[in-house]
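Examining the three-dimensional arrangement
What follows is each chain in one-letter form.
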Amino acid sequence: MTDTLTRPDTATFDPAELIDPARELEEAAPLEILKWAADRYGSRLTFATGFGAEGCVLIDLIGRHQLPIDMFTLDTGLLFPETYDLWQRLESRYGVTIRRVSPEQTVEVQAAAHGPELWTREPDLCCAKRKVSPLESQLAGVDAWITAIRRDQTAARANTLVVEMDAKFGLEKVNPLVRWTKKDTWQHLLRHDVPYNPLHDQGYPSIGCLPCTGRVAAGEDDRAGRWRGTSKTECGLHEPPSTSSEAQEARSTV
Ligand code: SF4
């Protein structure tokens, strides 16, 4: 849990190069995709994790196979105590460092500037300041980032490719778990005894900041507890994926 940032050398990338890898990796196992990404991008690759169940799967694969992949988390200062504890347990279990990336303002400074509990009044602004802006600063120094999103999590993620251009942040995005289901995720966690957030066993399938995360009732969508009572469904970290003909082709030709 350090604040050290390794900034790799400048390089360029070409979005047109992504169609073939996306097609070739569509049916690859997550470990194979991670190894491919580590080879392709070297030190200009990073993994942003929020310690969700899927993120724990990727940390397990990176840690057990000692893949040279930088990892960090966006510490909004508002995470659950269980999440901070999980962070330490994962680092200890795998002997890895998952860097802390903090917002420019502490929660207290933000409250002084915008009033208390900004998340209750302007959650988009709060997420922009505490998540999106810090993520932008991290991604400015790399060519690609790894995420733990799955296609079946939300309608907006249904067309996500294994490798795609991230139009929002202007770099490549690698999604090793896109084809996995929730069942696949939990089978992996339990089979390999991977540390995970105990809140998952208490009605919290999706866990973000404490003030904006609630329990989910049986039959509800996994993300129904996030920003409940508002129209907000995403932090703003993941743009809806491309639905271009090239992207569709990459999925349909395997
Ligand atoms: S999830 Fe809530 S508390 Fe966390 S950054 Fe977004 S609005 Fe703020």
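Residues numbered from 1 in each chain as written. Predicted model: local features only at pLDDT ≥ 70, side-chain atom pairs only at ≥ 80, totals over all residues.

This part is about the overall build of the protein. From N to C terminus, the protein includes nine helices and six strands. A fraction of 77% describes how many contacts in the protein between residues 6 or more apart in sequence connect residues 24 or more apart. (Helix = DSSP H or I, 4+ residues; strand = E, 2+ residues; numbered from the N terminus. Contact = placed C-beta atoms within 7 Å.)

A separate point is the site of the ligand. Around the ligand, the structure places 13 residues, and the nearest of them are Trp119, Cys126, Cys127, Cys209 and Cys212. Considering every element that reaches the shell around the ligand, the biggest residue donor is helix H7 (residues 123-139), with five residues. Of the residues assigned to the shell around the ligand, the class counts are nine nonpolar, two polar and two charged. (Near = placed C-beta within 6 Å. Nonpolar A, V, L, I, M, F, W, Y, C, P; charged D, E, K, R; others polar.)

Here we take up the packing of helix H3 (residues 53-64) against helix H8 (residues 182-191). Close contact between H3 and H8 brings their axes to 9 Å; oriented N to C, the two are set at 50°. Classified by the interaxial angle, the pair formed by H3 and H8 is oblique. Of the two possible hands of crossing, H3 and H8 adopt the one that is left-handed. Of the residues in H8, those in contact with Ala53, Glu54, Cys56 and Val57 of H3 are Thr185, Trp186, His188 and Leu189. Of the residues that constitute the contact of H3 with H8, the class distribution is five nonpolar, two polar and one charged. (Axes fitted to C-alpha atoms, helices over the stretch in contact; angles between N-to-C directions. Parallel < 35°, antiparallel > 145°, perpendicular 65-115°, else oblique. Left-handed = near helix turned anticlockwise from the far one by under 90°.)

So, about the sheet that holds strand E5 (residues 163-166). The strand order E3-E2-E1-E4-E6-E5 describes an open sheet built from six strands, whose pairing is mixed. Two strands close off the open sheet at either side, each with one partner strand: strand E3 (99-101) and E5. Adjacent strand axes in the sheet meet at a mean angle of 35° when their direction is disregarded. Sheet topology places strand E1 (residues 45-48) next to strand E2 (residues 70-74); three bridges connect them, and they run parallel. When the bridges of E2 are listed, Phe47 appears paired with Met71. (Pairing = 2+ DSSP bridges.)

The next subject is unusual backbone geometry. Despite not being glycine, Phe51 has its phi angle at roughly 65°, a positive value. Along the chain, Phe51 turns up in the loop between E1 and H3. A positive phi angle is found at Asp193, which is not glycine, with a value near 50°. Relative to the helices and strands, Asp193 is located in the loop between H8 and helix H9 (245-252). Taking the number of C-beta atoms within 10 Å as the measure of exposure, Asp193 has 9 and is therefore exposed. (Buried ≥ 20, exposed ≤ 12 C-beta atoms within 10 Å, placed from the backbone.)

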